[in-house]
Structure formats: structure tokens, C-alpha cells
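Understanding the architecture of this molecule
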Amino acid sequence: MPVPFPAEPLAGSVVRLEPLAEHHWPGILAAGLHPELWTWTIDRIVDEAGLRTYFDAARAAATEGREVPFATVDAASGEVVGSTRFGNLDADNRHVEIGWTWVTPSRQRTAVNTEAKYLMLRHAFEAWGCHRVELKTDVLNTCSRAAMLRIGAREEGVFRSYQVRDDGRVRDTAWYAITAHDWPEVRAGLERRLWQPPTAR
């Protein structure tokens, strides 16, 4: 029986999303130990051992067909600059979540994250035939919430006391989604942002 959501590379002009593999580990380690990356996450990564546990868990989830994790790779240099993944895969109802996303600080506020989201959304709706893609974040993470709105996701509400972080704080989680009905307009907006001249942005 085919895997409902098979892993394959997604290539853009700025980034490649490569299915997470052992050879990505040195790059993940070099890019992923900045404390500010883990301020709002459930997992609190503070050292190499913690990052390795996170990396191994992502690969195990991929092997079990529960998630599709990627290394975010700079298309020009081949340098690993972050990671992201599809999770909460629901083949029966044709929806997935995009999350677990981080980009090393030197590549934030560039086209890296925007193009990565574009590639993943396009793949979810146009290759996998999804009806819905979900995104969620800590309700206190105002930057992430604004970014989700900028890419065209709609806020659907807040799940109160939804998750417990590694530091013990009980997190309220804000939910966002893009549906297949929304996708043509969202795609056009993302393409304008990615492809217009820098002076016009």
C-alpha cells in the first residue's frame, strides 16, 4: 500500500526542502543551537544532546509514517539553514499540519521561510490533494502569529491550556488554517511576495 503522504524533495530558487536524513545532522547542529529559536516551542533545546534527541525523534516519526520532516537547505550554497515538517497527517480527511519550523537567525527576515511555506503549501494542495493545511503557535508568539496571517492563513481560534511545554508552562495555542478554497488566492499572494523586485516589496 503506498504511503499517503510520501516524502520527496521540494525545490525552489532560494531553498531546497530535503527529507531529513543522517547526513543533515552536522548542518542541523551548526544552525540549530541558538537559544532564541526555542523561546516559544514545546521542546526546549539547550544543548547538543537535546537537539540530537529532537533530530532522532523527527526521523523516527518519518520512518513510522507519522510526519514528513525536512532540512531547509540554501539552494545556492547547500548549507542547512533550518528545518520544518508536515505533521498530524490525516489521509482520510486530507489534511496536514505545517510546523516544527525554525530558521537560523542569520537567515531570518529573508525569503527562506516564505519560499519554504510556499513550496510546502503548493505540495500539500497540488500534489497531495489536501483539503486543509493547519498551522499553530503559542498564543504569546506575536511574531509567528503575524507571519501566519501574512502568508494568507486565517485565524480560527485559541485552544486554552492546550499543551504543556518542557519548562512546565501550560500553553494556550492559536490555530490557523488555509483550505483548498483559499489556496489560489494565497498562492498568488505568496508568488507576488517572492517574485516581485526587491525595491517593490
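Scroll up to find the structure.
Because the structure is a prediction, the values reported are computed rather than measured.

**Here we look at the packing of aromatic side chains**
Each aromatic ring pair is described using two quantities: the centre-to-centre distance and the angle formed by the ring planes. A full pass over the atoms with the stated rule returns 11 aromatic pairs. Geometrically, the ring pair formed by W38 and W102 is tilted, given 6.0 Å between the ring centres and 55 degrees between the ring planes. Pair noted here: W38 is in the loop between α1 (25-31) and α2 (48-63) and W102 is in strand β5 (residues 95-103), with a separation of 64 residues, a long-range link. Looking at W38, the relative accessible area reads 2%, which means it is buried.

**Looking at the pairing of strand β4 (residues 80-90)**
Burial runs high along β4: nine of the 11 residues are buried. Bridge count between strand β3 (residues 68-74) and β4: six bridges; the pairing is antiparallel. Each residue of the ladder has a partner; that of F70, found in β4, is T84. With antiparallel pairing between neighbouring strands as the criterion, β3 and β4 make up a hairpin whose turn holds five residues, including G78 at a positive phi of roughly 80 degrees. With six bridges joining them, β4 and β5 adopt antiparallel strand pairing. Counted as the bridge partner of S83 is W102 from β5. Two successive antiparallel strands, β4 and β5, enclose a turn made up of four residues, where R94 displays a positive phi of approximately 55 degrees.

**Overview of the layout of surface pockets**
Of the voids in this model, the largest pocket is the one considered here, and its volume is about 1400 Å³. Lining the largest pocket are 41 residues, and of these T101, W102, N113, N141 and S144 lie nearest its centre. The set of elements that each furnish at least two residues to the lining of the largest pocket consists of β5, α3 (111-127), β6 (132-138), α4 (142-150) and α5 (183-195). Sorting elements by how many residues they give to the lining of the largest pocket places β5 first, with seven residues.

**Things to note about the side chain of D138**
Residue placement: D138 occurs in strand β6. Within the structure, D138 has its side chain in polar contact with the backbone nitrogen of L140 (distance 2.8 Å). Here R169 takes part through its side chain, which lies 2.3 Å from a polar atom of the side chain of D138. Once residues within four sequence positions are removed from consideration, D138 is found in contact with W40, R145, R165, R169, R171 and D172.

**Some words on the environment of T110**
As for its placement among the helices and strands, T110 is situated in the loop between β5 and α3. Note on T110: relative accessible area 37%, which makes it partly exposed. Separated by 96 residues in the primary sequence, T110 and V14 place their C-alpha atoms 9.6 Å from one another. Polar contacts involving the side chain of T110 include one to the main-chain carbonyl oxygen of R107, which spans 2.6 Å. A polar atom in the side chain of T110 sits 3.2 Å from the backbone nitrogen of V112.

**Quick look at the nonpolar core**
In this structure, F86, V96, L121 and W128 are the most contacted members of the largest nonpolar core, which totals 33 residues. At the level of secondary structure, the elements contributing two or more residues to this core comprise β2 (15-19), β3, β4, β5, α3, β6, β8 (170-179) and α5. Looking at this core, the element that brings in the most residues is α3, giving eight residues. Excluding residues that lie within four positions of it along the chain, L121 makes contacts with I98, V133, I151, I178, W183 and L190. Core analysis: the next-biggest nonpolar cluster, separate from the first, contains 15 residues, L20, W25, I45 and V73 among them.

**Points about the pattern of salt bridges**
Per the stated rule, a full pass over the model turns up 17 salt bridges. The salt bridge partner of R59 is E22, with a shortest N-O separation of 3.3 Å. Remark: E22 occurs in the loop between β2 and α1 and R59 occurs in helix α2; sequence separation between them is 37 residues. A relative accessible area of 31% means that R59 is categorised as partly exposed. The exposure class of E22 is partly exposed, given its relative accessible area of 38%. With its nearest N and O atoms 2.6 Å apart, the salt bridge here joins R165 to D167. A relative accessible area of 45% places D167 in the partly exposed class.

Parameters at a glance
- Residues numbered from 1 in each chain as written.
- Predicted model: local features only at pLDDT ≥ 70, side-chain atom pairs only at ≥ 80, totals over all residues.
- Heavy atoms only, no water.
- Phe/Tyr/Trp six-rings, centres within 6.5 Å; stacked < 30°, edge-to-face > 60°.
- Helix = DSSP H or I, 4+ residues; strand = E, 2+ residues; numbered from the N terminus.
- Buried < 20%, exposed > 50% of the residue type's maximum accessible area, 1.4 Å probe, protein only.
- Pairing = 2+ DSSP bridges.
- 1 Å grid on protein atoms, 1.4 Å probe; cavity = no way out; pocket = protein on both sides within 12 Å on 5 of 7 lines; lining within 4 Å.
- Points joined across faces, edges and corners; volume = space filled by probe spheres on them.
- Polar contact = N/O pair within 3.5 Å; in protein donor to acceptor, adjacent residues only side chain to side chain.
- Contact = heavy atoms within 4.5 Å.
- Core = buried A, V, L, I, M, F, W, Y, C linked by side-chain atoms within 4.5 Å.
- Salt bridge = Lys/Arg side-chain N within 4 Å of Asp/Glu carboxyl O.

Geometric values such as these leave the question of function open.
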